[in-house]
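Results of the structural survey
What follows is each chain in one-letter form.
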Amino acid sequence: DSNTATPPRVGVGVFVYHGDGSPEFIIGQRKGSHGAGTFALPGGHLEHGESFEECAAREILEETGLVIDKVKFLTATNSVFHDTRKHYVTIFMTAVARSSDGGSSTIEPELIEPDKCEGWTWTTFNDMNQKYGGQQSLFLPLLDLVKQRPDICQTLGSR
Ligand code: 8DG
Ligand code: MG
Ligand code: MG
């Protein structure tokens, strides 16, 4: 009920792509907080005064050590976590990881918060659905993206 449920908050999740036109982006298994064991995009809470782009860049740097470019708004979803009584509006962004030498080196995300994530890996939208898509294993906002925005998901699959 409204006595124990907290008001909706804003979460920002980022599809961080390779810069070379590859359809792979970064995903990781959550640890130590709600949705533990599920696969999620790097991201976090929108802080007071931040733009979506600033939040995306800050969270990606904090969680993976990567600097991102071409940060763009993708879509938004609405996720009610009935079990934990949390409610998030998720802003999904896309971005491209910047390589330190301007293109030729391999980009590898660093696991900066090992208490919050099991590890980062590259995946594609179709692989994500096949490998992790079985209802329990995607973080609710990602499941909701698939359910609520199928048109947008098509553009990710063919990227
Ligand atoms: P912060 O305190 O550093 O801001 O957050 P965090 O420690 O990075 O926590 P988080 O759980 O990664 O992100 C905060 C919340 O943002 C999360 O509990 C739910 C919400 N959120 C979404 N969508 C997504 C998403 O795609 N990825 C991540 N990581 N969080 C998301 O609503
Ligand atoms: Mg986070
Ligand atoms: Mg964070």
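See above for the structure.
Owing to the predicted nature of the structure, the values given are computational and were not obtained by experimental measurement.

What about the coordination of the magnesium ion (ligand 3)?
- Donor atoms from the polypeptide that bind the magnesium ion (ligand 3) are Glu59 (OE) and Glu63 (OE), placed at 2.2 to 2.5 Å.
- Taken as an interatomic distance, the gap from the magnesium ion (ligand 3) to the magnesium ion (ligand 2) is 3.4 Å; Glu63 donates to each of them. Of the two residues, Glu59 and Glu63 are both situated in helix H1 (residues 52–64); the distance of four residues between them amounts to about one turn of the helix.
- According to the relative accessible area criterion, Glu59 is buried, its value standing at 8%.
- Judged by relative accessible area, which is 10%, Glu63 ranks as buried.

Regarding the packing of aromatic side chains
- Enumeration according to the criterion identifies seven aromatic pairs in this entry.
- When the centroid spacing of 6.1 Å and the interplanar angle of 40° are considered together, the rings of Phe15 and Phe92 count as tilted. In this pair, Phe15 sits in strand S1 (residues 9–17) while Phe92 sits in strand S6 (residues 86–97), placing the two residues 77 residues apart along the sequence. When sorted by exposure, Phe15 lands in the same class as Phe92, which is buried.

Conventions and cut-offs
Residues numbered from 1 in each chain as written. Chains lettered and ligands numbered in written order. Predicted model: local features only at pLDDT ≥ 70, side-chain atom pairs only at ≥ 80, totals over all residues. Heavy atoms only, no water. Donors = N, O, S within 2.8 Å, 3.2 Å for Na, K, Ca; no water. Helix = DSSP H or I, 4+ residues; strand = E, 2+ residues; numbered from the N terminus. Buried < 20%, exposed > 50% of the residue type's maximum accessible area, 1.4 Å probe, protein only. Phe/Tyr/Trp six-rings, centres within 6.5 Å; stacked < 30°, edge-to-face > 60°.

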